[in-house]
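Secondary and tertiary structure notes
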Amino acid sequence: KAQSILDFYQKSLEGNGVTGIKTVTKVGHPAEEILNTTKEEGAEIIIIGSRGKRAGYRFMGSVSREVANSAEVPVLLVK
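For every chain, the first residue of the written sequence is number 1, and numbering continues from 1 along that sequence. Local features in this predicted model are restricted to residues whose pLDDT is 70 or higher, and side-chain atom pairs enter the listing and the counts only when it is 80 or higher, whereas totals over whole chains, interfaces and linings include all residues. For side-chain calculations, the full set of non-hydrogen atoms in the structure is used, while hydrogens and water are omitted.

1. Let's talk about the packing of aromatic side chains
Selection rule: Centre distance within 6.5 Å is the pairing criterion for rings of Phe, Tyr and Trp, where only the six-membered ring of Trp is used; planes under 30 degrees apart are then read as stacked, over 60 as edge-to-face, and the remainder as tilted. The rule is simple: take the accessible area with a 1.4 Å probe, protein chains only, and divide by the maximum for that residue type; under 20% is buried, over 50% is exposed, in between is partly exposed.
This model, assessed by the stated rule, comprises one aromatic pair. Both rings, one in F8 and one in Y9, keep their centres 5.0 Å apart while their planes meet at 85°; by these two values the pair is edge-to-face. Comparing F8 with Y9 shows no difference in burial state: the two are exposed.

2. Topic: the packing of helix 2 (residues 30-41) against helix 3 (residues 62-70)
The criterion, for reference: Here, axes are lines fitted to C-alpha atoms. For helices the fit covers the stretch in contact, and angles between N-to-C directions go from 0 to 180 degrees. Helical segments are the DSSP runs of H or I of at least four residues, strand segments are the runs of E of at least two, and each set is numbered from the N terminus. Should the near helix be turned anticlockwise from the far one by less than a right angle, the crossing is termed left-handed; should it be turned clockwise, right-handed. Residues count as neighbours in contact if any of their non-hydrogen atoms are within 4.5 Å of one another.
For the pair helix 2 and helix 3, interaxial distance at closest approach is 9 Å and the crossing angle is 35°. The handedness of the crossing between helix 2 and helix 3 comes out as right-handed. For the pair helix 2 and helix 3, contact is made by P30, A31, I34 and L35 and by V63, E66, V67 and S70, respectively.

Coordinates in, geometry out; function isn't part of it.
The structure is reproduced here in structure tokens:
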């Protein structure tokens, strides 16, 4: 199921001119896997959704907060 969702959004982004997208699915603790994959792939930025209804540190989800606090590359949080 995860791969079909990723495929859908990848096609949508590519249809709008965004190139160089590589999707990865892994099993494990989400924040740790995101951070490890960032290093493995040499990613320059992490773009991650935040479930919070208000902007600010207190309202980020636990995964987005952990990624933002621990990442060695810039993190873009998207509502």
